[in-house]
Amino acid sequence: MAHNVNFDLSHPRVEAGLESPADEEGVHDSFSQLIAEESQKEGPSDAIELQYQQRNPEDKDRDNVAYLSPSENRRWRIGSDKTGEEDKGRQTDSLLKDSWSSATLKILSSMPSRTIGRSRGAIISQYYNRTAELRRRTQRRASIKDFSRSARPSIRGYGVEVDTTDSAEKKQERLIQNLQNLSAVDRVRLLKEMPLNLSEKKSLRRLTLQMTKQTRSSSNLRCCSYLKFHIILALRHSWYNCLSFLHSLHLWQMPLKRVSGRFGSGVLSYFLFLKTLLFFNMFLFLVLGSFLVVPQAVYPPEQLENRKSFTGLELFTGGGYFANTLLYYGYYSNHTLHSCSKNNISSPPKPECDSKSLSYNMPLAYFFTIGLSFFVTCIILVYSMSKSFGQSFRIDKSNGMLAMKVFCSWDFKVIKRSSVRLLSENIRTQLKELLGEAHHRHIRSTISDKLVRLVMHGLGWILCIGATAGCVAVIYYFSDYMHKEQLKSSQNDSGDPELLKEASLLALPVLVSFINLMLPILFQFTAWMEKYNSPSLRTFVSLSRNLILKVSVLGVLCFHWLKRVAGSADNNKAFKCWESFVGQELYRFLIIDFIFTLLATLFGELLWRSFSDKVLKRNRRPGFDIAKNVLDLIYGQTLAWLGLLFAPLLPAVQILKLLLLFYIKMSSVMMNCQAPSRAYRVSQMTTIFITLLCFPSFLGASVCVTYTMWRLPSSESCGPFRGNKTMIQAGKQRIVELVKENPNLYFLAEAHTYLVENPLVLFVGATIFLIVIYFQSQVVDGQRKIIALLQEQIENEGEDKKFLITRLQSVHERKRTPARNLTSQDSGC
Amino acid sequence: MGTTASQLPKESLSEYQELTFLTKQEILLAHRRFTELLEGDERNHPNPRVPMDAILTLTELKSNPFKKRICQVFSTSENRDGSLTFEDFLDLLSAFSDSATLEIKSHYAFRIFDFDDDGTLDYGDLEKLVNCLTGETADTRLSSEEMRQLISNILDESDIDKDGTVNLSEFQHVISRSPDFVSSFKIVL
């Protein structure tokens, strides 16, 4: 025998299974060695004999597992107390037999599939494979002789001697060689991803850099590549500094950590969603601010009417003092701004201004800025939606939830003791539920039960949809009534004081917010009445009911603004500048929505908590309804997007609102609520929320804005597009003028005509998308099939393994009987 | 933290940044918290080692049912007593950080759940795992019948090669199906 296979069980390191390079020789050799022994039918396996001798010289009869050391005995107990008085050598379908010989047990515990999780040598060889793969990616397929050790010995052909002589040091050398040949980025990434401890990684890195330095110093660098090398290093250094600076600007890190420590990932996802919306609005504010607000602020148009005085009501209604300011569409001028004619804008620019001054075409800028911000927001939303969807979508439809629940449901972020206890309770309940489901799946409910449940659900839905329809009708008629009142009052110029007229504008927003507050309570009550089988179904139903409510409310409001208000523009003084009026309406809606949320948080959560503490004397505090709060955020954001065209400074208002909302909700949650008592699948719900933000919310807003730009006549007396039929036509006209002035831009106009307005382009684009989607779905199908095949193969390999182990065991048993007489000999291994 | 011996040298800092998933601020914060755990005279030691009891007083680990296993997995001491040096501590934070890959997290999660360190999750390991999850007191645990059913269901679902235990690859296969794992396997100082 070439090798001294060390099966010394009393060696402390081997028993404890520690990572040590010295062990690896024996470990990976074990299988091929023993196969070689048995197939060549040599004498009794010395190694097994040796270890048997050392075990217990007196007891030769039984391979009693009870004689194993206590640690191993504990390891191999399967949960029953029988420890080896069973029949020996009985082949069953699992590898959990108690009566394996200690040699077999040792082999089993040293199998590569079990050492890969804990031994350093196995990790190094696995990463050697990876680096080799990375290098060989562009080369042709290597033959099987070149493959280094893999975790499963059955893949290697018997007789391949390449790996068996590798010691750990040699493997490490080859790993370092491979690491050197990778690019620096790959090397850093691979070193980070290795699950070794830090001191070993440091030594690997040191060795790699040493050798790299050696190879580099041997070649003479020319001066330009030397310079390039240093420039790249400096750039990378500054990039790392920039990243860590950005990371240190982490907004709200401490409050978020406190929330997650107490409430877990579910409530945290609400605050993260709020942060995402804040960043969206900051981006919009920057874009619109720098392209629209700042130029207009520097060159203000002349004032036609006198500015009204500031009363406190403007903060709520947005009218009055704020009416003719940068906040609204009507303020922006409809001609090119020139830097020299600052004071006298309405007259045509003087000839000497043209050549030297900077000009800024405001209508064109307005048009393109709004278009650009919508486009970029769309791209970001679709990208984040697809990324989030890709994370939560799984290809293989295995039905097992139990293993996933047990392995993945502990939330390590939770710190507070009571929350940890709640989490444990949660998990226990879920496990029991899942066990019960699995157990009782065959029990069917009776027909009458099903019918009763169906009737209850039907009633519940009818009630909710009816309530929604009723409220929508109320909004419709009330808005009609308010509109007519305004028309009448502006025509009559009645003696009502200005303040009252302004305040009456608040009536519609208050009504809408009130409906948004009350109806979800009705929905909750209905859901409590109907009994749902699964909590996830209940969440979905309540989410869809709330969504239907908000979509219909927003729909009727858009109808009111775009049809009625815009339609009455020409015949009434009050609606002469209807875009500004719509902008004011949206401002009002945002502010009143915020106030109602504030009041609901105060009264809803604070009062309910004191009520529940003092009167009901219960220990449980109200839970934080994540879905409802996120829908409220989405509603607010939809209003902000709708208002982008009509009030360019609306993102600033939304930013302030979100900042205040964060702190209010944070303090309310910390003071009044407790951790959720039911399970909350964070990433699934986050995907749903991003999808809701993209589809009904953003899509609806962009459809409204597109409709406004395309079809609605812009007002005659205010705004950047005054005097034209529609905004699109104004834009086109301006572009034509621009092209006339600079003939170089002729190609733009041509491109516009041939690409944008040509229906053929649309057809071709749509066809390409459909083909790509079909192709990807076929790929997914193929992958599913491959997964099923691979699982079958792994099962077969498992069967092979069992077969081999039981054969080994039986051979050992056979050999042991004549070997009883050899115990006194020294096997000499 | 005022003495120079307890401050990190600059090249170590950049080395740690390159080899772990932590940012510079996180490494400095970790250094600060680590030195707070040391006794006064140990701070001048070149490579101090904090005993397990001190590590377990950190608020982030105090109530975690897996705290002892976490210390044992990341410890590099010879007598396996769960004590950590500063580099072990950084390893711990790196594996539990925001930017660590799914593979690193699942690797260390496997080692944490492998209570007897034999490289696979067998019945005993799974039983201990479920007991840690459901709570420490006797009335919060599952009954033995439920436990047996639960573990046999888990093995049915996740043991692909049917050897009665869950090895690392099978564990990683189960983990890859759960999108929540990466966000819940996090500890932030």
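What counts, and where the lines are drawn
Residues numbered from 1 in each chain as written. Chains lettered and ligands numbered in written order. Predicted model: local features only at pLDDT ≥ 70, side-chain atom pairs only at ≥ 80, totals over all residues. Heavy atoms only, no water. Helix = DSSP H or I, 4+ residues; strand = E, 2+ residues; numbered from the N terminus. Buried < 20%, exposed > 50% of the residue type's maximum accessible area, 1.4 Å probe, protein only. Contact = heavy atoms within 4.5 Å. Areas by Shrake-Rupley, 256 points an atom, 1.4 Å probe, with all protein chains shown as cover. Phe/Tyr/Trp six-rings, centres within 6.5 Å; stacked < 30°, edge-to-face > 60°. Lys NZ or Arg CZ within 6 Å of the ring centre and 35° of its normal. Disulfide = S-S within 2.5 Å. UniProt positions renumbered as here; feature names shortened; annotations may be inferred. Domains from an automatic or database assignment. Arc of directions from axis to C-beta. Axes fitted to C-alpha atoms, helices over the stretch in contact; angles between N-to-C directions. Parallel < 35°, antiparallel > 145°, perpendicular 65-115°, else oblique. Nonpolar A, V, L, I, M, F, W, Y, C, P; charged D, E, K, R; others polar. Core = buried A, V, L, I, M, F, W, Y, C linked by side-chain atoms within 4.5 Å.

A.B. asks: Sorry, what's going on with the overall build of chain A here?
C.D. replies: Check the secondary structure of chain A and you find 29 helices and two strands. Counting only residues that meet the buried cut, chain A has 44% of its 829 residues in that class. Considering only residue pairs separated by 6 or more positions, chain A has 76% of its internal contacts joining residues 24 or more positions apart. Carbon together with sulfur atoms contributes 62% to the accessible area of chain A, which is approximately 45,100 Å² in total.

A.B. asks: How should the packing of aromatic side chains be read in this particular structure?
C.D. replies: For any two aromatic rings, the description comes down to two numbers: the centre-to-centre distance and the angle of the planes. Applying the stated criterion across every chain yields a total of 32 aromatic pairs over all chains. Between the aromatic rings of A:F407 and B:F113, the centroid separation amounts to 6.5 Å while the plane-to-plane angle is 20°, which identifies the pairing as stacked. You can see A:F407 sitting in helix α17 (residues 402-408) and its partner B:F113 sitting in helix α7 (residues 102-113), one on each of two chains. Assessed through its relative accessible area of 3%, B:F113 is described here as buried. Seen from their ring centres, A:F412 and B:F66 are 5.9 Å apart, and the 25° between their planes marks the pair as stacked. In this pair, A:F412 sits in the loop between α17 and α18 (417-439) while B:F66 sits in the loop between α4 (59-62) and α5 (67-74), so the two residues belong to two different chains. Three or more aromatic residues link up through ring pairs in this structure, and these residues are A:F407, A:W410, A:F412, B:F66, B:F74, B:F96, B:Y108, B:F110, B:F113, B:F171, B:F181 and B:F185. A:R711 extends its terminal NZ or CZ atom over the ring of A:W710, reaching a point 5.4 Å from the ring centre.

A.B. asks: Teacher, can you tell me more about the state of the cysteines here?
C.D. replies: By definition, a disulfide is the covalent link that joins the sulfur atoms of two cysteine residues. Residues and elements named next belong to chain A. Considering all chains together, one arrives at zero disulfides over all chains under this definition. Note on C464: no disulfide assigned, nearest cysteine sulfur contributed by C471 at a separation of 11 Å. Here C558 is not cross-linked by a disulfide; its sulfur's nearest cysteine counterpart is in C704, at 3.4 Å. Of the residues examined, C558 reaches a relative accessible area of 12% and is grouped as buried.

A.B. asks: Would you explain the UniProt feature "transmembrane region" (unreviewed entry) in chain A in this entry?
C.D. replies: Residue and element names in this part refer to chain A. As recorded in UniProt, the sites labelled "transmembrane region" (unreviewed entry) are residues 267-294, 364-384, 454-478, 506-526, 586-608, 685-710 and 754-775. Here residues 454-478 is 100% helix and 0% strand, with 36 Å between the C-alpha atoms at its ends. Across residues 506-526, helical content stands at 95% and strand content at 0%; the span's end C-alpha atoms are separated by 31 Å.

A.B. asks: Can you help me understand the domain arrangement of chain A in this one?
C.D. replies: Note: interface size is frequently given as the accessible area lost on complex formation between the parts. Domain boundaries in chain A define domain 1 (264-338 + 356-490 + 498-710) and domain 2 (760-809). Just the C-alpha atoms count here: the centres of domain 1 of chain A and domain 2 of chain A sit 41 Å apart.

A.B. asks: Would you mind going over helix α10 (residues 168-176) of chain B with me for this structure?
C.D. replies: Helical periodicity: at 3.6 residues per turn, an α-helix aligns residues three or four positions apart in one direction. Looking at α10(B), one finds that the buried residues are B:L168, B:E170, B:F171, B:V174 and B:I175. Taken around the axis of α10(B), the buried residues stretch over an arc of 165°, which confines them to a single face. Buried residues along α10(B) sit against α17 of chain A together with α7, α9 (144-158) and α11 (181-184) of chain B.

A.B. asks: Explain the environment of A:S392 to me, please; I cannot follow it from the model alone.
C.D. replies: By the element assignment, A:S392 lies in helix α16 (residues 362-392). Separated by 152 residues in sequence, A:S392 and A:S544 place their C-alpha atoms 20 Å apart. Here A:S392 is in contact with A:S683, A:T687 and B:P179, once residues within four sequence places are set aside.

A.B. asks: Got a minute to help me understand the packing of helix α12 (residues 253-263) of chain A against helix α13 (residues 265-298) of chain A in this structure?
C.D. replies: For any two helices packed against each other, the geometry is given by the interaxial angle and the distance between the axes. Residues and elements named next belong to chain A. Between α12 and α13, the least distance of the axes is 7 Å, while the angle of their chain directions is 155°. On the basis of the axis angle, α12 is roughly antiparallel to α13. Residues L256, V259, S260 and F263 of α12 pack against S265, V267, L268, F271, L272 and K275 of α13. Per-class residue counts for the contact of α12 with α13 are seven nonpolar, two polar and one charged.

A.B. asks: Got a minute to help me understand the nonpolar core in this structure?
C.D. replies: One broad trend across soluble globular proteins is that nonpolar side chains are buried collectively. The biggest cluster of nonpolar side chains holds 108 residues, and the ones touching the most others in it are A:Y270 and A:F271. No other element matches α13(A), which puts 14 residues into this core. In this structure A:Y270 touches A:F624, A:I626, A:N629, A:V630, A:L633, A:L661 and A:K665, once residues within four positions along its chain are discounted. One finds A:F407, A:L423, B:L84 and B:F86 within the second-largest nonpolar core, a separate group that totals 90 residues.

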